[in-house]
Amino acid sequence: MRPSSKFATGVVLFALAGYITKVISFAYRVPYQNIAGDFGLYAYQTVYPFAAIVASLGMYAMPVVIAKIGVGANGPKQKLEVLWGSFYILLGLAVVLVMGMWSLAPLLAGWLGDPNLSSTLRVISLSYLLMPALAVLRGSFQSIDDLKPSALSQVLENLVRVTVLLAVLVIGVHLGLDAYALSRYAYAATLVGGIVAIVVLSVWAKGLRLRLVPVQKVTLQAAFRVIVTTGFAVGFASLGILWMQLVDSFTIVNLMGGDFEAKVSKGVFDRGYPLVQFAILFTTALGMANVPSLVRHYRARQIEATASGLRSMIRVTTAVAAAATIGLMGVMLPLNVALFENADGTFALVLLSTSTFAASLAVASMTCLQAIDRERTAAFGMLVAIGMKLVVNLMLVPNYGIEGAAIGTSVAFLGMAAFNFNRLDRVIPLGMLRFKHYGLLVKTVTPMGLVLFGLNVLALDRMTHRLDAFVWLGGMVLIGAGLYAWRLWRERVLSIGEWEMIPLGNRFVNLMDKKEN
């Protein structure tokens, strides 16, 4: 048995690796757009969900499921049998996916509104073959509470992938390759990152003695049943932004006429999702800090303690999400110019920023459901969101373009949050507290929104180039964050304990206490 301190260190490393991975995934989109342009970003981002969904399964959901199966095994030999059985099941599924994607690539590209994306889809399909080894190797370590290899391999995989991707991109542009060829080579970089991660994990796993053992039919059947139920339910529910992007990939270009301008507009719109995804990661990570205690309370039948923890999670998540949402909306103009060189699509990106709050609610409610063993309910909530996103896109995109798609994303996540909280209240009644809390948040965040709006009006004639935009962006972030933190304290939205869940929150509390005393 590993010391608990080592496991706790692994948890911290694992969480930190997740943040670093998301930062890397967000950061490289900026140079990609700067080098390849909005059309180049369109060619890359339109097919991105096909790569990211399977990669996320291999990085997060499947290792957790495999670890749970491994923990339940009786002895080292059965554990090895379970691991190899899981590998065979995932490999079989991966081969089916590759064959399906390879043969259906022309059809899928046609549905995406651009037959030229067919070859890129085929390159992406090859990365599916890496998922089984990555998932089983990471799951084998997690089954013995050793999270360090999973954490470090995530960071290494993404660093290698992005480094190779950007190098290939620069060389490709220098050679005069078109946007579609650039996207093909960019996704080939994914293969390099995955292979490096497998090699490193395999070397690390020598101490586990993962020797080949025969796998009985009953083990294969049991592994298959868990992977295709719990595994895919958890993975499916946790990929909200990717499912929204997938719906946009199939609808925006087609509903806007399918011409060059429609594709460029899609590329402009794709500037926003990495920004929103990064904001969601930050807001939800803070609120989820007490999830382990929630699981313990619920499984010990301590319903009141569970409800109290859920309320605390909701307050922290929504308090930070409100600031992130209004803040992102308020700084979008200078942020767009600073990162992407021009203000194209700013209004659509402002609308898309509203999905930060909606998605934070959806993710918080989903995590709450998973904490009380309602994974399938959470997965159904994601289905509700996908359906609503598709309907709103079909209604609004033909007339309003990417602005309609932005509204669709917010509406979809709000629908998912409403569904999830409705189901959650049936198990853990939360009362009307959170609705009063939302009203208090509006009162707290409004001054920041008004100040940022005024600064935007002043900035319109003063941002002549990117450096100006960066200066305005920095000033607006400092002013907005400072004002919101002060209002959050004055309105007593959070308890002292909840403030301490926020980075540097305890220092802020001490500072405000000194000023008041």
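As shown above, the structure is provided for reference.
All values derive from a computational prediction rather than experimental measurement.

Draft legend 1. Spatial organisation of the overall build of the protein chain. In terms of regular secondary structure, the protein chain is built from 22 helices and 0 strands. Within the protein chain, the fraction of its 517 residues that count as buried is 54%. Sequence-distant contacts, at least 24 apart, represent 81% of the contacts inside the protein chain between residues at least 6 apart. Put simply, the protein chain shows about 22200 Å² of open surface, and 68% of that area lies on carbon and sulfur atoms.

Draft legend 2. Quick peek at the packing of helix α10 (residues 240-255) against helix α11 (residues 260-269). With their axes 9 Å apart at the nearest point, α10 and α11 run at an angle of 140° to one another. Where α10 crosses over α11, the two elements pack in a sense that is right-handed. Along its contact with α10, which presents D248, S249, I252 and V253, the element α11 presents A262, K263, K266 and F269. Its residues placed into classes, the contact of α10 with α11 shows 4 nonpolar, 1 polar and 3 charged.

Draft legend 3. Representation of the packing of aromatic side chains in the model. Inspection of the entire model under this criterion finds 13 aromatic pairs. Ring plane angle 5° and centroid distance 4.5 Å describe the contact between Y44 and Y187, whose orientation is recorded as stacked. Of this pair, Y44 sits in helix α2 (residues 29-45) while Y187 sits in helix α8 (residues 179-204), placing them 143 residues apart in sequence. The class of Y187 is buried, set by a relative accessible area of 2%. Every member of this aromatic cluster is reached through a ring pair, and the members are Y28, Y32, Y44, Y48 and Y187. Just above the ring of Y48 sits the side chain of R29; from NZ or CZ to the centre is 4.4 Å.

Conventions we followed
- Residues numbered from 1 in each chain as written.
- Predicted model: local features only at pLDDT ≥ 70, side-chain atom pairs only at ≥ 80, totals over all residues.
- Heavy atoms only, no water.
- Helix = DSSP H or I, 4+ residues; strand = E, 2+ residues; numbered from the N terminus.
- Buried < 20%, exposed > 50% of the residue type's maximum accessible area, 1.4 Å probe, protein only.
- Contact = heavy atoms within 4.5 Å.
- Areas by Shrake-Rupley, 256 points an atom, 1.4 Å probe, with all protein chains shown as cover.
- Axes fitted to C-alpha atoms, helices over the stretch in contact; angles between N-to-C directions.
- Left-handed = near helix turned anticlockwise from the far one by under 90°.
- Nonpolar A, V, L, I, M, F, W, Y, C, P; charged D, E, K, R; others polar.
- Phe/Tyr/Trp six-rings, centres within 6.5 Å; stacked < 30°, edge-to-face > 60°.
- Lys NZ or Arg CZ within 6 Å of the ring centre and 35° of its normal.

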